[in-house]
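Spelled out, the chains give:
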Amino acid sequence: MPKLSPNTEYAVVGVLLSVLIAILYVPVLFVKGLIPADMRWIAGALLAAPFLAMHYMVYRLMRRSDEFLRTVIAKRLIVTTLLMLPATLVYGLTQTFVEGPVIPITFAAPVFWVVFAVVCVFVHGSRVPTSE
Amino acid sequence: MKNTLRDLRTARGWSQQELGEALGVSRQAVIALETERHAPSLDLAYRIAALFEKPAEEIFPNPHRKRTRR
């Protein structure tokens, strides 16, 4: 099998993991009540695994990339985090003080990757302000 | 960062892909360098200088060096 470029490998595995998450997530949520209580941690770990794999894939992409792509990915991750943290903070605090729809904290993971995908469209340079 | 990379590359008849392969970086990195969207590390600047057999400062003019009047 030919060795895939870092970007291709990330794209292919990322799509496969996203499909896996979609396949696992919904059924497990629906059949939660049918799973014996002492076995539910397995369902939780099963759902967490593809998300952790996504994190590993980004780390692997950064390791295999050149300095330009590494900087761009780091910038994208920072922008995504800067968008996600205040959003979850405001929503979490609002939820604490005002009765509203309760969203499981685990939704932060898929939302993070959706926001990351959107950020990728807008952040594609490594330029930083210089004294030039 | 301002540079003469595009001129040097085209003078040798190389594509961006070929230059990327010679430097061990992606085509995106070459495009970013040529369009001044990426300031290279010292290591990459030296690799480029070695490839084109020119001093790094000739390819990437030092913006901090004071211009000398003749």
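For the structure itself, look to the data block above.
Residues numbered from 1 in each chain as written. Chains lettered and ligands numbered in written order. Predicted model: local features only at pLDDT ≥ 70, side-chain atom pairs only at ≥ 80, totals over all residues. Heavy atoms only, no water.

**Thoughts on the interface of chain A and chain B**
Each partner contributes to the interface: chain A provides 12 residues, whereas chain B provides 16 residues. Summed over both sides, the interface of chain A with chain B buries roughly 1,100 Å², with 48% coming from carbon and sulfur. Where chain A touches chain B, the interface holds 0 salt bridges. Our enumeration of links across chain A and chain B arrives at 4 residue pairs in polar contact (both at pLDDT 80 or more). With 4 residues, helix α3 (residues 67–97) of chain A is the single largest residue contributor to the side of chain A that touches chain B. By residue class, the composition of the side of chain A that touches chain B is 2 nonpolar, 6 polar and 4 charged. (Contact = heavy atoms within 4.5 Å. Buried area = accessible area lost by both parts, 1.4 Å probe. Salt bridge = Lys/Arg side-chain N within 4 Å of Asp/Glu carboxyl O. Polar contact = N/O pair within 3.5 Å; in protein donor to acceptor, adjacent residues only side chain to side chain. Helix = DSSP H or I, 4+ residues; strand = E, 2+ residues; numbered from the N terminus. Nonpolar A, V, L, I, M, F, W, Y, C, P; charged D, E, K, R; others polar.)

**Some remarks on the packing of helix α2 (residues 16–23) of chain B against helix α3 (residues 27–34) of chain B**
Residue and element names in this part refer to chain B. Interhelical geometry of α2 versus α3 gives an angle of 105° and a closest axis separation of 8 Å. In terms of axis orientation, α2 runs roughly perpendicular to α3. Every residue of α3 that contacts α2 at Gln16, Gln17, Leu19 and Gly20 is listed here: Arg27, Val30, Ile31 and Glu34. (Axes fitted to C-alpha atoms, helices over the stretch in contact; angles between N-to-C directions. Parallel < 35°, antiparallel > 145°, perpendicular 65-115°, else oblique.)

**Quick notes on the packing of aromatic side chains**
Residue and element names in this part refer to chain A. Enumeration according to the criterion identifies 4 aromatic pairs over all chains in this entry. Geometrically, the ring pair formed by Phe112 and Trp113 is edge-to-face, given 5.2 Å between the ring centres and 85° between the ring planes. Accessibility assignment for this pair places Phe112 and Trp113 in one class, buried. With 5.5 Å between their ring centres and 85° between their planes, Trp113 and Phe116 make a pair best called edge-to-face. A residue pair is termed a helical-turn pair when its members lie 3 or 4 positions apart in one helix, as Trp113 and Phe116 do in helix α4 (residues 108–122) at 3 residues. What makes Trp113 buried here is its relative accessible area of 10%. (Phe/Tyr/Trp six-rings, centres within 6.5 Å; stacked < 30°, edge-to-face > 60°. Buried < 20%, exposed > 50% of the residue type's maximum accessible area, 1.4 Å probe, protein only.)

**Digging into unusual backbone geometry**
Residue and element names in this part refer to chain B. Residue Glu36 is not a glycine yet carries a positive backbone phi of 60°. One non-glycine residue with positive phi stands out, namely Glu53, at about 55°. Among the secondary structure elements, Glu53 is positioned in the loop between α4 (42–52) and α5 (56–59). On the basis of relative accessibility, which here comes to 69%, the residue Glu53 falls in the exposed class.

**Quick look at the packing of helix α2 (residues 40–64) of chain A against α4 of chain A**
Two measures define how a pair of helices packs: the angle their axes make with one another and the distance between the axes. Residues and elements named next belong to chain A. Orientation of α2 relative to α4, taken along the N-to-C sense of each, is 35°, at an axis distance of 11 Å. Considering the relative orientation of α2 and α4, their crossing is left-handed. Residue-level inspection shows Phe51, Met54, His55 and Val58 of α2 in contact with α4, the latter providing Ala109, Pro110 and Trp113. The class makeup of the residues in the contact of α2 with α4 is 6 nonpolar, 1 polar and no charged. (Left-handed = near helix turned anticlockwise from the far one by under 90°.)

**A closer look at the nonpolar core**
Core analysis: the biggest nonpolar cluster contains 22 residues, and Tyr10, Val58, Ile73, Leu77 and Trp113 of chain A have the highest contact counts within it. Among the secondary structure elements, those contributing two or more residues to this core are α1 (6–30), α2, α3 and α4 of chain A. For this core, the element with the highest residue contribution is α2 of chain A, accounting for 8 residues. Core analysis: the second largest hydrophobic core is formed by 20 residues, Val72 of chain A together with Ala29, Ala56 and Ile59 of chain B among them. (Core = buried A, V, L, I, M, F, W, Y, C linked by side-chain atoms within 4.5 Å.)

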